[in-house]
Amino acid sequence: MKYLASLLFIWTLAASNTVMAEDIELDPAEDVSAPDEKVSTMIGTYVGAFGERKITIALDRVIGKTLSGYSIVAGNERAFSGSWEVSETGFKITAKEPGDHEHDGVFQINFTASPKAISGEWVANDPKIGTKKFNLQARNFKYNAKAGDYPQSTTQKLTEADVENMKAAELRIMRNEIYARHGYSFKLADMREHFDKLDWYMPMAVNIKSKLTATEVANAALIRRYEKYSAEHYDSFDR
């Protein structure tokens, strides 16, 4: 009898624990394996003015209440991570850059789904740098071989005859258009200012070498040789 009573007690206790476990309701926010569908609509790339520069902000991962992404501006790519919360217009994001770079800071981002866009401000960790506001539209990067004033630098194999009578400044734009079409983010101020004002240009990466075609690599090398030649000899030919 004592043996049967012990078995009955153990069975009763196990059943009680099963009911207790089944009665527990997990907070959806604690389930970090799959973000809510509405929250995941934030994922994407956004581009627009960032002070006097053009910036691309990518929101690329949402897990639970956390969010991560990166920014591309002026030849710099910086990762950030933070959290989101529901707001009156959509979602509000607070995201911090690592802090190991002198120009790192904190993004305060407001997301709206219709039209899909983000706005807000970036506050530098260094008070001397200050704050920058932004209003960016959602946009997917699309490589366009015919973009720019000199699409032939991408679409065809150039010959010396194609470039020998061009000015050094023209050749420099021609060569850098090859990189700009792939979303290269320029560090040099004059090239950055030139391309930032063009609607088709979208900064996406700080290294695009692996994306260049064989034709583009050959054309860039040819153009660079004539850039130097033109700079040295242009005036002597009275052109």
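Residues numbered from 1 in each chain as written. Predicted model: local features only at pLDDT ≥ 70, side-chain atom pairs only at ≥ 80, totals over all residues. Heavy atoms only, no water.

Draft legend 1. Region of interest: the overall build of the protein chain. When helices and strands are tallied, the protein chain shows 7 helices and 8 strands. Counting across all 239 residues of the protein chain, residues that qualify as buried make up 35%. For the protein chain, contacts bridging at least 24 residues in sequence account for 46% of all contacts bridging at least 6. Accessible surface computed for the protein chain: about 14700 Å², of which carbon and sulfur atoms make up 54%. (Helix = DSSP H or I, 4+ residues; strand = E, 2+ residues; numbered from the N terminus. Buried < 20%, exposed > 50% of the residue type's maximum accessible area, 1.4 Å probe, protein only. Contact = heavy atoms within 4.5 Å. Areas by Shrake-Rupley, 256 points an atom, 1.4 Å probe, with all protein chains shown as cover.)

Draft legend 2. Quick peek at helix α6 (residues 189–196). Among all positions in α6, only M191, R192, F195 and D196 are buried. Seen end-on, α6 carries its buried residues on one side only, within an arc spanning 120°. On its buried face, α6 sits against β2 (53–63) and α5 (168–181). (Arc of directions from axis to C-beta.)

Draft legend 3. Quick peek at the packing of aromatic side chains. This model, assessed by the stated rule, comprises 13 aromatic pairs. Ring centres 6.4 Å apart and planes at 85° place the aromatic pair W200 and Y201 in the edge-to-face group. Look at W200 and you get partly exposed, because its relative accessible area is 26%. In this structure Y201 comes out as buried when scored by relative accessible area, which is 1%. Aromatic ring contacts, followed pair by pair, group Y179, Y184, F186, F195, W200 and Y201 into a single cluster. Sitting above the plane of the W84 ring, K65 keeps its charged end 4.0 Å from the centroid. (Phe/Tyr/Trp six-rings, centres within 6.5 Å; stacked < 30°, edge-to-face > 60°. Lys NZ or Arg CZ within 6 Å of the ring centre and 35° of its normal.)

Draft legend 4. Region of interest: the pairing of strand β5 (residues 91–96). The two faces of β5 differ: F91, I93 and A95 on one face are buried, but K92, T94 and K96 on the other face are not. Where strand β4 (residues 76–86) meets β5, 6 bridges bridge the pair, whose relative direction is antiparallel. Within β5, the position partnered with G82 by the bridge is A95. What sits between the antiparallel neighbours β4 and β5 is a turn of 4 residues. Where β5 and strand β6 (residues 105–113) come together, 6 bridges link them in antiparallel fashion. (Pairing = 2+ DSSP bridges.)

Draft legend 5. Looking closely at the environment of I55. As for its placement among the helices and strands, I55 is situated in strand β2. Exposure remark for I55: the relative accessible area of 1% places this residue in the buried category.

Draft legend 6. Region of interest: the side chain of H182. Within the fold, H182 resides in the loop between α5 and α6. For H182, a relative accessible area of 5% corresponds to the buried category. Looking at H182, its side chain comes within polar contact range of the side chain of E216, at 2.8 Å. (Polar contact = N/O pair within 3.5 Å; in protein donor to acceptor, adjacent residues only side chain to side chain.)

Any functional reading would require information that these geometric values do not contain.
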